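Given next are the chains, with one letter for each unit.
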Amino acid sequence: MTPLLEIDAITAGYGGSPVLHEVGLAIPQGAIVALLGANGAGKTTLLRTISGLVAPASGRVVLDGRDLSSVSVEDRSRSGLAQVPEGRSVVAELTVDENLRLGGLWRFDRRQLTAAVDEIYDLFEPLSRRRAASGHQLSGGERQMLALGRAIIARPRMLLLDEPSLGLAPRVVAQILGVLRRLRDDTGLTVLLAEQNVTSALAIADHGVVLSLGSVVADRPAAELLSDGALRHAYLGF
Ligand code: ATP
């Protein structure tokens, strides 16, 4: 079966010095893939290359059979790729409700937009109680839920997530990752999840990919990665 997302021998970096070296992976539709590796391994760079923010020196990103090489960041998102960057960017001056509407504005008419916003509140209960709060009043967990809600409201096919658990309490991490799992189960959303929190990520992932110094050193089912003590110790720090 053709994978939804295919990364083919991507070499990419900044200012002529490569960070990623011939990275290749294939993600089937409906899979949750954890992208693991130490600080500086190249996880963020890979996500940014997929979304088009970093132009690769060589290699291809293919979404559903379509080569994205000459496709702009905006058109990639119109084709169903959504990215939640590290840092939970939300519009601080706007309310939760306004932030969510902004995420779906290009996709829906007024009536559809209200229904789509309500669906996000169903997924993230705590956000529904904070509809009128502005972005800067939110806790870290609420901000992450809002950043995620804003990315999924337009119903992307493929979600790229960078370190959603960073600095959050375990209970909130479990809640956020649980929503990803539910979305995948219910809607077939495909997820590439960069995480330092290896155990939490592998708990919801089907598959794990380990990057080290910009190269893929493992690409295996999540359960296998968790049970391989030598690999965990060498690359994942536990
Ligand atoms: P982290 O968990 O720290 O975000 P990461 O695995 O996501 O790590 P990257 O952020 O992709 O790794 O960084 C990989 C390498 O690229 C690092 O050596 C980093 O210093 C370098 N790098 C990242 N962003 C830039 C940039 N904008 N300009 C130059 N070098 C960069």
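The structure presented is a predicted model; accordingly, all values stated were derived computationally and were not measured. (Residues numbered from 1 in each chain as written. Predicted model: local features only at pLDDT ≥ 70, side-chain atom pairs only at ≥ 80, totals over all residues. Heavy atoms only, no water.)

Asks: Mind laying out the overall build of the protein chain, listing which residues take part and the relevant values?
Replies: In terms of regular secondary structure, the protein chain is built from ten helices and ten strands. Here the protein chain has a C-alpha radius of gyration of 17 Å; the compact-globule value for 238 residues is 18 Å, and the two agree. Counting contacts in the protein chain only where the partners sit at least 6 residues apart, residues at least 24 apart contribute 68% of the total. Taking the average place of the 24 positive charges on the side chains of the protein chain and the average place of its 26 negative ones, the gap between the two points comes to 4 Å. (Helix = DSSP H or I, 4+ residues; strand = E, 2+ residues; numbered from the N terminus. Rg over C-alpha atoms; globule rule 2.2 N^0.38 Å. Contact = heavy atoms within 4.5 Å. Lys, Arg positive; Asp, Glu negative; His and termini not counted. Charge placed at Lys NZ, Arg CZ, Asp CG, Glu CD.)

Asks: Which residues make up helix 7 (residues 170-187), and what are the values?
Replies: An α-helix turns once per 3.6 residues; consequently, residues spaced three or four apart project the same way. Taking 1.5 Å per residue as the helical rise, helix 7 with its 18 residues ought to reach 26 Å, and the 25 Å between its terminal C-alpha atoms agrees with that figure. Within the sequence span of helix 7, burial applies to Val172, Val173, Ile176, Leu177, Val179, Leu180, Leu183 and Arg184. For helix 7, the arc enclosing every buried residue in end-on projection is 140°, short of the 170-degree limit, so these residues lie on one face. Among the exposed residues of helix 7, those oriented more than 90 degrees off its buried face are Pro170, Arg171, Ala174, Asp185 and Asp186. Phi turns positive, to about 80°, at Gly188, one or two residues after helix 7. (Expected span 1.5 Å × (residues − 1). Buried < 20%, exposed > 50% of the residue type's maximum accessible area, 1.4 Å probe, protein only. Arc of directions from axis to C-beta.)

Asks: Quick one: what's the story with the site of the ligand, residue by residue and with numbers?
Replies: Looking at the ligand, there are 13 residues lining it, with Gly40, Gly42, Lys43, Thr44 and Thr45 nearest. Thr45 has a polar side-chain atom sitting 2.5 Å from an oxygen atom of the ligand. Look at the ligand: alone it shows 620 Å² of surface, and the protein chains cover 55% of it. Per-element tally for the shell around the ligand: the top contributor is helix 1 (residues 43-51), with three residues. (Near = heavy atom within 4 Å. Polar contact = N/O pair within 3.5 Å; in protein donor to acceptor, adjacent residues only side chain to side chain. Areas by Shrake-Rupley, 256 points an atom, 1.4 Å probe, with all protein chains shown as cover.)

Asks: Report on the UniProt feature "domain: ABC transporter" (unreviewed entry) in the protein chain, specifying residues and quantitative values.
Replies: UniProt records the feature "domain: ABC transporter" (unreviewed entry) for residues 5-238 in the present numbering. With 40% helix and 26% strand, residues 5-238 has its two end C-alpha atoms placed 30 Å apart. (UniProt positions renumbered as here; feature names shortened; annotations may be inferred.)

Asks: Could you give an account of helix 6 (residues 140-152), naming the residues involved and the relevant values?
Replies: For helix 6, which comprises 13 residues, the first-to-last C-alpha distance of 18 Å matches the rise-based estimate of 18 Å (1.5 Å per residue) to within 8%. Counting buried residues along helix 6, ten of its 13 residues qualify, which places the element largely inside the surrounding structure. For helix 6, the complete set of buried residues consists of Gly141, Glu142, Gln144, Met145, Leu146, Ala147, Leu148, Gly149, Ala151 and Ile152. Taken together, the buried residues of helix 6 touch strand 6 (81-84), helix 3 (96-104), helix 4 (110-123), helix 5 (125-128), strand 7 (158-162) and helix 7.

Asks: Please give an account of the nonpolar core that cites residues and values.
Replies: For soluble globular proteins, nonpolar side chains are generally found buried alongside one another. Residues Leu36, Phe124, Leu148, Ile152, Leu159 and Leu180 are the most contacted members of the largest nonpolar core, which totals 50 residues. A per-element tally of this core places helix 7 first, with seven residues. Ranked by size, the runner-up nonpolar core spans 28 residues in total, among them Leu25, Leu47, Val71 and Leu81. (Core = buried A, V, L, I, M, F, W, Y, C linked by side-chain atoms within 4.5 Å.)

Asks: Run through the pattern of salt bridges, naming residues and quoting values.
Replies: Counting across every chain of the model gives eleven salt bridges. Note that Arg60 and Asp8 form a salt bridge whose closest N and O atoms lie 3.5 Å from each other. Of this pair, Arg60 sits in strand 4 (residues 58-63) while Asp8 sits in strand 1 (residues 5-14), and the two are 52 residues apart along the sequence. Of the charged contacts, one joins Arg184 and Asp185 as a salt bridge, the two residues approaching to 2.9 Å between their closest N and O atoms. When its relative accessible area of 11% is taken as the criterion, Arg184 is described as buried. Classification of Asp185 as exposed rests on a relative accessible area of 51%. One salt-bridge network, held together by shared partners, links Arg184, Asp185 and Asp206. (Salt bridge = Lys/Arg side-chain N within 4 Å of Asp/Glu carboxyl O.)

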